[in-house]
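Summary of structural features
Take a look at the letters that make up each chain.
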Amino acid sequence: MSSPVKFDHTLDQPLKPDMPARMLAAPQSVYTDPEVFANEIANIYEKDWVMVGRGGMIPNPGDYFTAMLGRKPIIVIRQKDGSIRAMANFCLHRYAKLLTGSGTAKRIVCPYHAWTYEMGGALIGVTDRDGFEKADTEGRALETLSCDEYMGFVFVSLRDDLQPLSKRLKGLNDTLTNFDVSNYEERYVEHEEVWHGNWKLIVENFIESYHVTYAHKGSIGPTNPTRHAEFGSQSDDGYFIHSNSYRPEDYPEIFNDSLTEEERRRFYVIPLYPNGLAAVDPNFIWWMALEPLGVDRTNARWGLCFSRDTMEKCPDPDGFVKEIIKVIEIATKEDQEMVSRVQEGCAFGSSEPGLLHAPLEWPLKAFSEYVRKTIEDGPMR
């Protein structure tokens with residue numbers, strides 16, 4: 001694994017040797033073809049680590065939220081010992097979905113026939129048990145899935161032989177060590193927000209700074225303009241990182257004394273492959289976990305968490321949180337419109353590829369390469 005990213009390139013400099021001068025966009029069909037979509041679900045979402053949220057969303061034993069791992073419904077629930085467990089979300093009797101949404105459940109009770117499970121998944125209650133062979137119901141439990149939390153982000157996988165996140169994202173953790181993002185405090189979560197676009201379009205929209213000045217006129221465009229983007233070298237196959245940095249007159253007030261002068265002006269933009277997105281500010285993180293619902297529909301679970309230094313030292317932390325939520329809600333609506341427009345444009349079905357900006361859309365090529373390699377070679381192990 002290479003060393004942490006060094007942000008040593010800005011738009012007023014010539015391209016560096018490792019930055020491609022000419023890049024073509026993916027063909028329109030990769031966003032509209034049902035076979036391409038099915039292949040991605042089978043070979044990425046159901047074989048690699050998939051981000052589902054942040055651990056701070058479920059701080060107490062029994063706190064849970066539900067998610068989709070490709071086509072598979074799952075439960076993510078905090079255990080009595082403080083660990084997080086991911087399990088299949090269906091009853092062992094007649095397969096009814098056990099939980100929906102989010103909440104707290106000291107026991108999991110099937111709404112269909114009231115079979116009951118411990119929060120760890122063990123079957124502990126069968127109604128009218130005399131109708132079943134004792135040996136068939138003893139020792140049964142919901143299927144447990146691989147679950148890993150790193151830097152506060154929670155990932156789940158159907159496999160148990162993948163590289164741990166501590167190794168996969170080590171370079172990113174080194175880059176962000178002064179931010180202490182593992183301890184950011186969750187203050188806002190949107191579990192269901194359906195976007196009318198292919199999941200890859202949402203990733204690509206989030207991770208490039210080319211559109212910020214032009215599409216985000218009502219939110220982050222003025223404060224974090226396209227021309228202030230900063231780049232370094234990609235650190236790992238598990239992510240890509242650049243900064244959509246603040247202009248000097250909009251540098252935020254910083255409450256974390258550990259940050260360097262350069263870190264104080266940066267707004268790090270990071271895809272956590274395949275479906276996780278994070279924008280890391282000195283005061284907050286805006287994150288997304290994408291759940292494809294169809295080739296042109298995606299649920300975006302997203303949230304905002306805030307630095308504990310900011311929440312402790314800011315004169316009006318609640319007011320600051322409300323201000324940031326308002327800005328990000330506007331930015332999200334702006335992004336939704338653009339993603340929908342691209343999806344609608346792709347319906348034409350042209351075979352002529354578009355052009356990508358160097359280096360502002362360099363992250364799109366890195367993401368496309370991750371998708372290609374994972375489908376062809378399998379995820380990193």
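So, here is what we can say about the structure in this document. (Residues numbered from 1 in each chain as written. Predicted model: local features only at pLDDT ≥ 70, side-chain atom pairs only at ≥ 80, totals over all residues. Heavy atoms only, no water.)

1. Let's talk about the packing of aromatic side chains
Taken as a whole and assessed by the stated rule, the structure comprises 17 aromatic pairs. Here the aromatic rings of Tyr 273 and Tyr 370 are separated by 4.8 Å at their centres, their planes lie at 25°, and the arrangement is stacked. Taken together, the positions of Tyr 273 in the loop between strand E17 (268-272) and strand E18 (276-280) and Tyr 370 in helix H10 (residues 362-377) put the pair 97 residues apart, joining distant regions of the chain. Take Tyr 273: its relative accessible area is 1%, and that puts it in the buried class. On the numbers, 6.0 Å between centres and 75° between planes, the contact of Phe 306 with Phe 320 is edge-to-face. (Phe/Tyr/Trp six-rings, centres within 6.5 Å; stacked < 30°, edge-to-face > 60°. Helix = DSSP H or I, 4+ residues; strand = E, 2+ residues; numbered from the N terminus. Buried < 20%, exposed > 50% of the residue type's maximum accessible area, 1.4 Å probe, protein only.)

2. Brief notes about the pattern of salt bridges
Applying the stated criterion to the full structure yields 21 salt bridges. Salt-bridge contacts for Glu 291 lead to Arg 301; the nearest nitrogen and oxygen are separated by 2.8 Å. With Glu 291 in strand E19 (residues 284-294) and Arg 301 in strand E20 (residues 297-306), this residue pair connects regions lying ten residues apart in the sequence. The two residues Glu 291 and Arg 301 agree in class, both being buried. A salt bridge links Glu 369 to Arg 372, with the nearest nitrogen and oxygen atoms 2.5 Å apart. Highlighted residues: Glu 369 and Arg 372, both in helix H10, separated by three residues, approximately one helical turn. (Salt bridge = Lys/Arg side-chain N within 4 Å of Asp/Glu carboxyl O.)

3. Things to note about the sheet that holds strand E4 (residues 63-69)
Strand order in this open sheet of seven strands is E3-E12-E11-E6-E5-E4-E7, and the pairing throughout is antiparallel. A strand with exactly one partner marks an edge of an open sheet, and here the two such strands are strand E3 (50-54) and strand E7 (102-104). The sheet shows a mean angle of 30° between the axes of neighbouring strands, taken without regard to direction. (Pairing = 2+ DSSP bridges. Axes fitted to C-alpha atoms, helices over the stretch in contact; angles between N-to-C directions.)

4. What to know about helix H5 (residues 199-207)
H5 sits mainly inside the fold: nine of its nine residues count as buried. For H5, the set of buried residues is Trp 199, Lys 200, Leu 201, Ile 202, Val 203, Glu 204, Asn 205, Phe 206 and Ile 207. The distance from a side-chain oxygen at the start of H5 to the backbone nitrogen of Lys 200 is 2.9 Å, and the residue carrying that oxygen is Asn 198. (Polar contact = N/O pair within 3.5 Å; in protein donor to acceptor, adjacent residues only side chain to side chain.)

5. Quick notes on helix H1 (residues 34-45)
With twelve residues, H1 extends 15 Å between its outermost C-alpha atoms, agreeing within 8% with the 16 Å of an ideal straight helix rising 1.5 Å per residue. Those residues of H1 that fall on the buried side of the exposure criterion are Phe 37, Glu 40, Ile 41, Asn 43, Ile 44 and Tyr 45. Where the residues of H1 are buried, they touch E3, E4, H5, E19 and H10. Residue Asp 33 occupies the N-cap position of H1, its side-chain oxygen lying 2.8 Å from the main-chain nitrogen of Glu 35. (Expected span 1.5 Å × (residues − 1). Contact = heavy atoms within 4.5 Å.)

6. A look at the state of the cysteines
Disulfides are covalent bonds that link the sulfur atoms of two cysteine residues. Here the structure, examined in full by the defined rule, presents zero disulfides. Here Cys 110 is not cross-linked by a disulfide; its sulfur's nearest cysteine counterpart is in Cys 91, at 3.9 Å. The thiol of Cys 314 is not disulfide-bonded; the next cysteine sulfur, from Cys 305, is found 16 Å away. (Disulfide = S-S within 2.5 Å.)

7. As for the sheet that holds strand E8 (residues 107-109)
Think of a sheet as strands paired side by side through backbone hydrogen bonds, with each pair either parallel or antiparallel. Taken in spatial order, the three strands of this open sheet run E8-E9-E10, and their pairing is antiparallel. The open sheet is flanked by E8 and strand E10 (123-125), the only strands paired with a single partner. Across this sheet, the average inter-strand angle for adjacent strands is 35°, counted without regard to direction. The pairing of E8 with strand E9 (residues 116-118) spans three bridges and is antiparallel. Counterpart to Arg 107 in the pairing with E9 is Glu 118.

8. Concerning the side chain of Asn 205
Note on placement: Asn 205 falls in helix H5. Apart from residues no more than four positions distant in its own chain, Asn 205 is found in contact with His 211, Asp 335, Met 338 and Val 339.

9. Some remarks on the pairing of E18
The buried fraction of E18 is high, at five of five residues. Both E18 and E19 contribute to a ladder of five bridges, which runs antiparallel. The residue bridging Ala 279 from the neighbouring strand is Trp 286, located in E19. Counted along the chain from E18 to the antiparallel partner E19, the turn is three residues long.

10. What to know about the side chain of Thr 66
On the secondary structure map, Thr 66 appears in strand E4. Judged by relative accessible area, Thr 66 falls into the buried class, the value being 10%. Ignoring any residue separated from it by four or fewer positions in sequence, one finds Thr 66 in contact with Ile 74, Asn 89, Leu 99, Thr 100, Gly 101 and Arg 301.

Without other data, these values stay purely geometric and don't point to any function.
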